[in-house]
Amino acid sequence: MATAKPRIPCKPVMVARSDGATTFTVRNGQAPEPNEPTREQKINTPSADGSVDYYRPVQPDGDKDLDWRRKLGQWLVLAFDSKNEHKDTQFILSRFPENYTLWEHVRVDATGARRTDGYLYGHPDGRSSRFRSPAEFFEHLAWLATPLPKGRCICKICAGKGGETQDDGTGVAVKETKPAHQNQAQTQTQTQMKPTNTMPSAARGVSTTSTRAPTGPSLEQRLDSEPNGKYLYRPGELVWYNKTKDTWGLAVISMRQIKDDSPRYLVQPLSHPFSHPPAHIKDQENDLRPWLAWSVPTLGYSKLQGCTYDQVNWEEVIVNYPADPVVDGSILAAKVIDSSYSLFEQDENALANQGERCYKGIYLGAEKIWVGEPVRLRSLGDDILVLVIKKIIERMTSPTTSNVTFVGDVWKFVKVHTPIKDLDLPARMIHDLNWRNRVEGAAQKGIWNEWRIMEPNARRTLGDVKGRWYETQALLRVLRGPATFENELARGITGDAGLWMNGRGDFNETGDLRQQDRESTFGRAVPAGFRVSRGLDDSAGDRFPDYLDQNTGIYH
Ligand SMILES: [Zn+2]
């Protein structure tokens, strides 16, 4: 029996139009079948080893039902709320569109481990065209909320037919139809829409799911997405490194390793093209800082101010250089890196329009960013906004230039009196949220930190992104120093690491530079043959050196 749980007050919204179908035809001439799991799938008899595997309807007003409807209701209102009038209200879809039903796949293995996954049935294409998550159904729901005809839906199922999406500007059209949505969302009359295309998908010979199976995250991507991760920095990132007690230099990370449960980094100092300091092993994260933690210093040789690294005739100026040319070389190299981007690991299986490519990650400025993780967004005022990236799409505009689009959900950091459970956020963000609420005594004070979704499936450009999002617990300790940090924690103040960081390009005059890869981004600022490790995904099997021979300067 489900126990009574405190209900979060939510404003109900609904979408009157529906294309939901209770039956569908598998093959022409055959009797229609119910648009739900098959009879076999619904058998809940345990196997000989005690495991069970079956589908059942989701309990109305149960946790799963509420979770789906709350997310959909909230996203729906926010998607049409261009003036941000409803940002502080929680909405819920009062019910799914007519003829859509939520089922759950219950699996309990022989050891008793249990998982249940929700699926929404009702798409007119039939059983195999079920929606697997609120996010997947959201685009279809947003289309239903507009007067747009069939064929203009951009959801994974409608637009994914034949492995192509229809880029006809429907994403924009949805936003511009606010009045229509308001009418439909407020009216309680049913305008059941008959599906116009009744040809079953099997007859068209189109598989709507098999060709789109994602390859899944790479090993490094998974490692970097772990809460309480071991590494603050990533291979290929530009960082400050501690040279001597009070002096810091600029370097790039070539590889990393865990030794004795602590991270170690091999860092290559940046320089002018004619001399390169040896690499260093850094085994204290406190000896490193993200590039964005501090502002760009001025050059020792002021005449070079305003030049780019490659514009400097190094061979000529180095002869009578009035300052330390290695330092100036590193500053000019860092500026180039800050304005550069390069994409890596093309995702062949992600849905893309013609002329577009999807990637699993991007080197953006100093940092390495993965699909699936949050990035800090520029915002007006003091709002803390992040975009949780679902897709990174590149469209070439010339052989050497491109437009990059980040697609994902925009979330805002807020204080609330009633937390919402099961936020659809990356584990790292949930972990950070729990830590903040614990330190700040949220349960005692009745004020919780939370992320509130502002815009699902938003599209942002390179210029909107300030940089990686970091856990405050991990980075703020480094940025503020352990003593200050611990002192504030003791007073119940957690702060936010992002407030102590610059944004990419804040101090850079040049536009975005597309680079072939990370190595070419560093160019002559690193020794010839320099390589950025791909870590766990590296087939070359690079080996982290054990120690530096002080006499020879050679690593072993
Ligand atoms: Zn659709």
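My aim in this report is to walk through the structure given alongside it, one point at a time.

Procedures and definitions
Here the residue index of a chain counts from 1 through its sequence in written order. Note on the predicted model: pLDDT of at least 70 is required for a residue's local features to be given, and 80 or more for side-chain atom pairs to be given and counted; whole-chain, interface and lining totals, by contrast, use all residues. Each side-chain value is derived from all of the structure's non-hydrogen atoms; neither hydrogens nor water enter the calculation. For helices the rule is a DSSP run of H or I covering at least 4 residues; for strands it is a run of E covering at least 2, with both sets numbered from the N terminus onward. Burial classes follow relative accessibility: with a 1.4 Å probe on protein chains only, a residue under 20% of its type's maximum area counts as buried, one over 50% as exposed, and anything between as partly exposed. The Shrake-Rupley method, run with a 1.4 Å probe, gives the accessible areas here. Residue values count only the displayed protein chains as cover. As used here, the arc belongs to the directions running from the helix axis to the C-beta atoms. DSSP-based pairing: two strands are paired if at least 2 bridges between them are found. Side-chain rings of Phe, Tyr and Trp, where Trp is taken by its six-membered ring, are said to pair if the distance between their centres is within 6.5 Å; with planes under 30 degrees apart they count as stacked, over 60 as edge-to-face, and otherwise as tilted. The criterion is that NZ of a Lys, or CZ of an Arg, lies within 6 Å of the ring centre and within 35 degrees of the ring normal, and then a charge sits over that ring. To define axes, lines are fitted to C-alpha atoms, for helices over the stretch in contact only, and angles between the resulting N-to-C directions are given on a 0 to 180 degree scale. Distances define the donors: N, O and S atoms within 2.8 Å of the metal qualify, as do those within 3.2 Å of Na, K or Ca. Water is excluded, so some sites may look unfinished. A four-donor site is called tetrahedral if each angle lies between 85 and 135 degrees; a four-donor site is square planar, and a six-donor site octahedral, when trans pairs exceed 155 degrees and the remaining angles lie between 65 and 115; all other cases are labelled irregular. For the purposes of this section, nonpolar cores are sets of buried Ala, Val, Leu, Ile, Met, Phe, Trp, Tyr and Cys residues that join through side-chain atoms within 4.5 Å. Where each domain starts and ends comes from a domain assignment, either automatic or drawn from a database. Contacts between residues were defined by any pair of non-hydrogen atoms, one from each residue, lying within 4.5 Å. Salt bridges are defined by distance alone: a side-chain nitrogen of Lys or Arg within 4 Å of a carboxyl oxygen of Asp or Glu.

When its secondary structure is counted, the protein chain shows 14 helices and 23 strands. For the protein chain, buried positions account for 49% of its 556 residues. If you sum the accessible surface of the protein chain, you get close to 27,100 Å²; carbon and sulfur atoms cover 50% of it.

The next subject is helix H13 (residues 482-490). Within H13, burial applies to Phe485, Glu488 and Leu489. The buried residues of H13 occupy an angular sector of 105 degrees when projected down its axis, which confines them to one face. What points out from H13, more than 90 degrees from its buried face, is the exposed set Ala483 and Ala490. Downstream of H13 by a residue or two, Gly492 has a phi angle that is positive, lying close to 80 degrees.

Among the seven residues of strand E15 (residues 340-346), five are classified as buried, and the element is accordingly described as predominantly covered. Of the strand pairs in this sheet, E15 and strand E23 (residues 513-514) are connected by two bridges, and their pairing is parallel. Of the residues in E23, the one forming a bridge with Ser340 is Leu513. Bridging between E15 and strand E16 (residues 356-364) involves five bridges; their strand directions are antiparallel.

A complete count under the given rule lists 19 aromatic pairs for this structure. Summarising the aromatic geometry, the rings of Tyr100 and Phe131 are spaced 6.5 Å apart at their centres and angled 45 degrees between planes, so their arrangement reads as tilted. With a gap of 31 residues between them, Tyr100 in the loop between strand E6 (91-93) and strand E7 (101-108) and Phe131 in the loop between strand E8 (114-121) and helix H2 (134-144) connect regions that are remote in the sequence. When its relative accessible area of 0% is taken as the criterion, Phe131 is described as buried. Through a chain of ring-to-ring contacts, three or more aromatic side chains come together here, namely Trp240, Trp248, Trp291 and Trp294. The side chain of Arg130 reaches across the aromatic face of Tyr119, ending 3.7 Å from its centre. Above the ring of Tyr231, the side-chain terminus of Arg256 is found at 4.1 Å from the ring centroid.

Another aspect to go through is the sheet that holds strand E10 (residues 238-242). Taken in spatial order, the five strands of this open sheet run E13-E12-E11-E10-E14, and their pairing is antiparallel. Here the strands that pair on one side only, and so sit at the sheet edges, are strand E13 (280-282) and strand E14 (288-290). Sheet twist, expressed as the average angle between the axes of neighbouring strands with direction ignored, equals 45 degrees. In terms of strand pairing, E10 meets strand E11 (residues 248-259) through five bridges, oriented antiparallel. Each bridged residue has a counterpart across the sheet, and for Trp240 the counterpart in E11 is Leu250.

Take the sheet that holds strand E5 (residues 52-57) next. Ordered by their spatial adjacency, three strands build an open sheet running E5-E7-E8, and the pairing between neighbours is antiparallel. The open sheet is flanked by E5 and E8, the only strands paired with a single partner. Strand-to-strand twist across the sheet, computed as the mean angle between neighbouring axes with direction ignored, equals 20 degrees. Summarising the sheet, E7 and E8 pair through eight bridges and their orientation is antiparallel.

Our focus in this paragraph is the coordination of the zinc ion. Only His140 (ND1), Cys153 (SG), Cys155 (SG) and Cys158 (SG) from the protein reach the zinc ion as donors, at distances of 1.9 to 2.4 Å. Bound by four donor atoms, the zinc ion shows angles of 105 to 114 degrees at the metal and therefore tetrahedral coordination geometry. All donors to the zinc ion come from one chain, and their sequence spacing reads H-x12-C-x1-C-x2-C. Residue classification places Cys153 among the buried residues on the basis of a relative accessible area of 2%.

Okay, the pairing of E16 next. The element E16 is largely enclosed, with a buried count of eight among its nine residues. Here four bridges tie E16 to strand E19 (residues 385-398), and the two strands are oriented antiparallel to one another. Counterpart to Cys358 in the pairing with E19 is Ile393. Here four bridges tie E16 to strand E17 (residues 367-370), and the two strands are oriented antiparallel to one another. Counted as the bridge partner of Leu364 is Glu367 from E17. The antiparallel hairpin formed by E16 and E17 contains two residues in its connecting segment, where Gly365 sits at a positive phi of about 60 degrees.

Mapped onto the elements of the fold, Asp283 is located in the loop between E13 and E14. Residues Asp283 and Lys259 lie 24 residues apart in sequence; the distance between their C-alpha atoms is 8.8 Å.

The biggest cluster of nonpolar side chains holds 49 residues, and the ones touching the most others in it are Leu238, Leu250, Val252, Tyr265, Leu270 and Trp291. In terms of residue count, the dominant contributor to this core is helix H9 (residues 325-339) (five residues). When residues of this core are sorted by domain, at least three fall in each of domain 2 (226-340 + 524-537) and domain 3 (352-518). In this structure Val252 touches Glu237, Leu238, Leu266, Val267, Gln268, Leu270, Ile337, Phe522, Val526 and Phe530, once residues within four positions along its chain are discounted.

Moving on: the environment of Arg70. Mapped onto the elements of the fold, Arg70 is located in helix H1 (residues 63-80). Look at Arg70 and you get buried, because its relative accessible area is 11%. Spatially, the C-alpha atoms of Arg70 and Lys11 are 9.5 Å apart, while their sequence positions differ by 59 residues.

With that out of the way, let us pick up helix H12 (residues 472-480). Those residues of H12 that fall on the buried side of the exposure criterion are Thr472, Leu475, Leu476 and Val478. Take H12 and look down its axis: the buried residues cluster within an arc of 160 degrees, on one side only. Looking at the buried positions of H12, the neighbouring elements they touch are E14, helix H10 (427-439) and H13. In the stretch just after H12, Gly481 is the one whose phi turns positive, near 90 degrees.

All right, on to the pattern of salt bridges then. Tallying each qualifying case throughout the model produces 33 salt bridges. A salt bridge links Glu373 to Arg428; its shortest N-O distance comes to 3.3 Å. Here the residue Glu373 occupies a position in the loop between E17 and strand E18 (374-377), and Arg428 occupies one in helix H10, the gap between them amounting to 55 residues. Of the residues examined, Glu373 reaches a relative accessible area of 5% and is grouped as buried. What makes Arg428 buried here is its relative accessible area of 4%. Salt bridges sharing partners connect three or more residues here, namely Glu220, Asp224, Arg234, Arg256, Glu373, Arg428 and Glu471.

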